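# Tertiary structure, described
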Amino acid sequence: MKIEAHWPTTVAEALAIQDRLRPLVDLTGPGPTEPETIAGLDVAYADDDSRLAAAVVVLDARTLTVIDSAVTTGRPAFDYVPGLFAFRELPALLAALDQLRVVPELLVCDGHGLAHPRRLGLACHLGVLTGLPTMGVGKTPLIGTWEPPAGHRGAWSPLRDGDETVGRVLRTREGVKPVFVSVGHRMGLDNACARTLALTPRYRLPETTRQADRMCRAALAKS
């Protein structure tokens, strides 16, 4: 079920929207275990932060080849405020999603979901608005403490915020820095980690993120 999006103009309005949407996040999972299509979402910014490009790339989950894509360019929709970063990017990402011909079974965000100070990172917010299963794979942590996972591919350690487990620190390549996986909406953490490993047969970052990053950077350079 999709939820109508509302865009704030003040920090107070943004916080109120997060409070309204947080109870709607579905953390029961497990999410699609054998999806045929998976989309990656990423946003690139101009050096002066005045412009952005948002890309969505849909991959065949078995071959990791691109089967659909869309990109939009524009301006950040909200000022940079820690904890409210999703409001800068969501309008452009949703516009790109609306251009797709293929509806993906799973969305993989370059960022976080539950591993957020207010438990509503980009992956959670996007999942609630679209109704689609969503997860986040971050290059760096936003919150939490962790112990380094073992060095082999597939090793992980819990990402904790106080007494709560909000994600996992997952090693996708042997001897390479781990990534930070958290659920967004309608997705379980075990499954999110399994999908991350399936999307990283050669590189540290998921192929969904790599392809979306490439597309949004190219679009920004042309705009």
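Here is what the cut-offs are and how they apply
Residues numbered from 1 in each chain as written. Predicted model: local features only at pLDDT ≥ 70, side-chain atom pairs only at ≥ 80, totals over all residues. Heavy atoms only, no water. Core = buried A, V, L, I, M, F, W, Y, C linked by side-chain atoms within 4.5 Å. Buried < 20%, exposed > 50% of the residue type's maximum accessible area, 1.4 Å probe, protein only. Helix = DSSP H or I, 4+ residues; strand = E, 2+ residues; numbered from the N terminus. Contact = heavy atoms within 4.5 Å. Axes fitted to C-alpha atoms, helices over the stretch in contact; angles between N-to-C directions. Parallel < 35°, antiparallel > 145°, perpendicular 65-115°, else oblique. Left-handed = near helix turned anticlockwise from the far one by under 90°. Nonpolar A, V, L, I, M, F, W, Y, C, P; charged D, E, K, R; others polar. Pairing = 2+ DSSP bridges. Salt bridge = Lys/Arg side-chain N within 4 Å of Asp/Glu carboxyl O. 1 Å grid on protein atoms, 1.4 Å probe; cavity = no way out; pocket = protein on both sides within 12 Å on 5 of 7 lines; lining within 4 Å. Points joined across faces, edges and corners; volume = space filled by probe spheres on them. Expected span 1.5 Å × (residues − 1). UniProt positions renumbered as here; feature names shortened; annotations may be inferred.

## A few points about the nonpolar core
Taken as a class, soluble globular proteins show a tendency for nonpolar side chains to be buried jointly. Ranked by internal contacts, the top residues of the largest apolar core, which has 33 residues, are L41, V56, L97, L107 and L126. Every element with two or more residues in this core is listed here: α1 (11-21), β1 (37-45), β2 (52-60), α2 (86-98), β4 (106-109) and α3 (122-130). The greatest single-element share of this core, amounting to 8 residues, is contributed by α2. Contacts of L107, omitting those with residues within four sequence positions, involve A39, L41, L97, L126, T130, L132, P133, T134 and M135.

## What about the packing of α2 against α3?
Where α2 contacts α3, the two axes come as close as 11 Å, and the packing angle between them is 45°. Viewed along their axes, α2 and α3 adopt a mutual orientation that is oblique. Pair α2 / α3 crosses with right-handed handedness. Contacts between α2 and α3 pair A86, F87, E89, L90, L93, L94 and L97 from the former with L122, H125, L126, L129 and T130 from the latter. Tallied by class, the residues present in the contact of α2 with α3 amount to 9 nonpolar, 2 polar and 1 charged.

## Observations regarding the sheet that holds strand β8 (residues 179-185)
Pairing is mixed in the open sheet, where 8 strands are placed in the order β3-β2-β1-β4-β5-β8-β7-β6. Each having just a single partner strand, β3 (66-74) and β6 (156-161) make up the two edges of the open sheet. On average, adjacent strands in this sheet sit at an angle of 25° to one another, irrespective of strand direction. Judged from the 9 bridges that link them, β1 and β2 form a sheet pairing that is antiparallel. Each residue of the ladder has a partner; that of A44, found in β2, is A53.

## With respect to the pattern of salt bridges
A pair can form between side chains of opposite charge whenever their charged atoms are brought close. In this structure the tally under the stated criterion is 11 salt bridges. With its nearest N and O atoms 3.6 Å apart, the salt bridge here joins D60 to R62. Residue classification places D60 among the buried residues on the basis of a relative accessible area of 15%. A relative accessible area of 67% places R62 in the exposed class.

## Examining the side chain of R195
Along the polypeptide, R195 turns up in helix α4 (residues 189-198). Discounting residues that sit within four places of it in the chain, R195 has contacts with P32, T33, P35, L106, M135 and M187.

## Observations regarding the layout of surface pockets
If you add up the space inside the largest pocket, you get close to 710 Å³. Along its surface, the largest pocket is lined by 27 residues, and F85, E89, D110, G111 and H112 are the ones closest to its centre. At the level of secondary structure, the elements contributing two or more residues to the lining of the largest pocket comprise β1, α2 and α5 (207-222). For the lining of the largest pocket, a count of residues per class yields 13 nonpolar, 8 polar and 6 charged. If you add up the space inside the second largest pocket, you get close to 250 Å³. Together, 13 residues line the second largest pocket, and K2, L97, D98, T130 and L132 are the ones closest to its centre. Of all the elements in the fold, those that place two or more residues in the lining of the second largest pocket are α2 and α3.

## Some words on α5
Taking 1.5 Å of rise per residue, 16 residues should cover 22 Å, and α5 covers 23 Å from first to last C-alpha, within 8% of that figure. Turning to α5, the residues buried within the fold contact β1, β2, β3 and β4.

## Re the UniProt feature "binding site: Mg(2+)" (unreviewed entry) in the protein chain
Here, the residues flagged by UniProt with the feature "binding site: Mg(2+)" (unreviewed entry) are D42 and D110. For the annotated residues, spread through 69 residues, the largest C-alpha to C-alpha distance comes to 5.7 Å, consistent with a single compact locus. Checked against the lining of the largest pocket, the annotated residues just named reduce to D42 and D110. Position of D42 relative to the elements: it lies in strand β1. Judged by its relative accessible area of 6%, D42 is buried. Residues in contact with D42, not counting those within four places in the same chain, are A53, A54, A55, L93, D110, T209, A212, D213 and C216. Note on placement: D110 falls in the loop between β4 and α3.

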